[in-house]
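Structural overview
The primary structure of each chain is shown beneath.
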Amino acid sequence: MMRESTIQTIADACLTARHVVVVTGAGLSAESGLSTFRGPREALWSRYDPMRLATPEAFEQDPALVTRWYDWRRQAGLQARPNAGHLALVCLERIVTASGVGFTLLTQNVDRLHHRAGSVNVYELHGSIHEWRCTVTGQSFEPPPQPFQEFPPRSPFDPRGRLRPAVVWFGEPLPAEVLRVAAEAMESCDVFFSIGTSSVVYPAAGFAEQVIARGGLTIEVNPNETPISGRVNHAARESSGSWLPRLIAHISL
Ligand SMILES: NC(=O)c1ccc[n+]([C@@H]2O[C@H](COP(=O)([O-])OP(=O)(O)OC[C@H]3O[C@@H](n4cnc5c(N)ncnc54)[C@H](O)[C@@H]3O)[C@@H](O)[C@H]2O)c1
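Residues numbered from 1 in each chain as written. Predicted model: local features only at pLDDT ≥ 70, side-chain atom pairs only at ≥ 80, totals over all residues. Heavy atoms only, no water.

Residues Phe151 and Pro152 are joined by a peptide bond in cis, for which omega reads -5°. Looking at the secondary structure, you find Pro152 in the loop between β5 (140–141) and β6 (163–167). In this structure, Arg112 is a non-glycine residue whose phi angle is positive, near 65°. Note on placement: Arg112 falls in the loop between β2 (102–107) and α8 (113–117). (Helix = DSSP H or I, 4+ residues; strand = E, 2+ residues; numbered from the N terminus.)

For interface size, the figure often reported is the accessible area lost on association. The domain boundaries assigned to the chain delineate domain 1 (1–34 + 82–126 + 174–253) and domain 2 (35–79 + 129–167). Inter-centroid distance (C-alpha atoms) of domain 1 to domain 2 is 27 Å. If you look at the interface, domain 1 gives 14 residues, while domain 2 gives 15 residues. Overall, the association of domain 1 and domain 2 removes approximately 1000 Å² of surface from exposure, summing both partners, and the carbon and sulfur fraction of that is 55%. Scanning the region where domain 1 abuts domain 2 turns up one salt bridge. Between Arg112 and Glu131 there is a salt bridge; the shortest N-O distance is 4.0 Å. (Domains from an automatic or database assignment. Contact = heavy atoms within 4.5 Å. Buried area = accessible area lost by both parts, 1.4 Å probe. Salt bridge = Lys/Arg side-chain N within 4 Å of Asp/Glu carboxyl O.)

Burial within strand β7 (residues 191–195) is extensive, with five of its five residues counted as buried. Neither face of β7 is open: one carries Val191, Phe193 and Ile195, the other Phe192 and Ser194, and all of them are buried. The pairing of strand β1 (residues 19–24) with β7 spans five bridges and is parallel. Residue pairing for β7: Thr24 is matched across the bridge by Ile195. (Buried < 20%, exposed > 50% of the residue type's maximum accessible area, 1.4 Å probe, protein only. Pairing = 2+ DSSP bridges.)

Looking at helix α10 (residues 204–214), one finds that the buried residues are Ala204, Ala205, Gly206, Phe207, Ala208 and Val211. Elements in contact with the buried residues of α10: β1, β2, α9 (176–188), β7 and β8 (217–221).

Before going further, it helps to spend a moment on helix α7 (residues 84–98). Given a rise of 1.5 Å per residue, 15 residues ought to cover 21 Å, and the 21 Å separating the end C-alpha atoms of α7 matches this to within 8%. Among the residues making up α7, those that are buried are Gly85, His86, Ala88, Leu89, Val90, Leu92, Glu93 and Val96. Phi turns positive, to about 85°, at Gly100, one or two residues after α7. (Expected span 1.5 Å × (residues − 1).)

The subject of this paragraph is the nonpolar core. Membership of the largest hydrophobic core comes to 30 residues, with the highest contact counts inside it found for Val20, Val22, Leu92, Val191, Phe193, Trp243 and Leu247. Looking at this core, the elements with two or more residues in it are α1 (4–16), β1, α7, β2, β7, β8 and α11 (240–251). Other than its neighbours up to four places away in sequence, Trp243 contacts Met2, Ile7, Ile10, Phe193, Ile219, Val221, Ala236 and Glu238. One finds Ala182, Ala185, Met186 and Ile228 within the second-largest nonpolar core, a separate group that totals 17 residues. (Core = buried A, V, L, I, M, F, W, Y, C linked by side-chain atoms within 4.5 Å.)

With the rule as written, the count across this model stands at twelve salt bridges. A salt bridge links Asp158 to Arg160, with the shortest nitrogen-to-oxygen separation between them at 2.8 Å. Residue classification places Arg160 among the exposed residues on the basis of a relative accessible area of 63%. A salt bridge links Glu172 to Arg164, with the shortest nitrogen-to-oxygen separation between them at 2.8 Å. Through salt bridges with shared partners, a single ionic network connects Glu4, Glu238 and Arg246.

Right, let's get into the sheet that holds β5. Within the open sheet, the three strands sit side by side as β5-β4-β6. Their pairing is antiparallel. Sheet topology places β5 and β6 at the edges, where each strand pairs with a single neighbour. Two strands pair when backbone bridges link them, and strand β4 (residues 127–134) and β6 are joined in this way by five bridges, in the antiparallel orientation. Looking at β6, one finds that Arg133 is bridged to Arg164. On top of the sheet, helix α6 (residues 63–79) reaches β4 and β6; it is set at about 135° to β4, its chief contact. (Axes fitted to C-alpha atoms, helices over the stretch in contact; angles between N-to-C directions.)

Take the sheet that holds strand β3 (residues 122–124) next. Spatial strand order, β3-β2-β1-β7-β8-β9: six strands in an open sheet with parallel pairing. Since the sheet does not close on itself, it has two edges, and those belong to β3 and β9 (234–236), each with one partner. On average, each strand axis in the sheet is tilted by 15° relative to the strand beside it, whichever way the strands run. Against the sheet, α1 contacts β1, β7, β8 and β9, and its axis sits at roughly 125° relative to β7. Sheet strands touched by α7: β1, β2 and β7. Its angle to β2, the strand with the most contacts, is close to 155°.

Pasting the structure below:
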């Protein structure tokens, strides 16, 4: 468990930083009951083959299977609630921005739990499972919460169209506007948190290295080791739902 004095150092750095950037991954939502993709237990990819589900080719080959799986995950997301980790990040944003420090939250999660918790400056690198897009017109919308009745769902925008989740699949480009915001945030970032991510999916996996190269402070929160664990200044081998509230307690003291 990370020492209180180390957490205090990190808390102090947040208040005197120029720009705090936080990158989150599926592990942050694990304590809300949503499965991660990679990890020792319960990981989604250990029960399903991602290449059959999260690629444009998979959707082309078996759109019913792919949309059924995503709708199942959408239902789980709708029933989940933000956990202590999400709420602590809302506090962190409020406290640092009140001190004139920049704050950007870049999430790889598609579950919208940061928004529901109350985070403001949050950007979804991989889209959202709560938005669905027409395969013909490209228009997207937020479907009503009830499960779809047919798979793949029919598009309300064009009779020839089907709906697909507005998430970024393997092999697809990330949203240009979100990438621009992320690049800009990383340029001025001097305190960087990597939370609940296995740090193997780019570009998020490369963000820590950019800050390390410039001599900024880097912190990882993950109960398990990742490729960046040995590179960051501080690695908290703890769950985000317990470590982040400890950080907030030190910042607000
Ligand atoms: N909730 C979601 O939106 C969700 C769920 C599953 C996968 N994804 C997708 O996963 C892909 C990227 O992978 P990733 O790195 O985000 O997830 P990942 O599944 O690859 O890794 C999850 C990481 O979280 C860690 N972890 C598990 N429980 C934790 C906890 N309580 N506190 C802190 N860390 C914990 C694990 O050790 C692991 O390193 C993205 O494409 C993203 O869209 C999103």
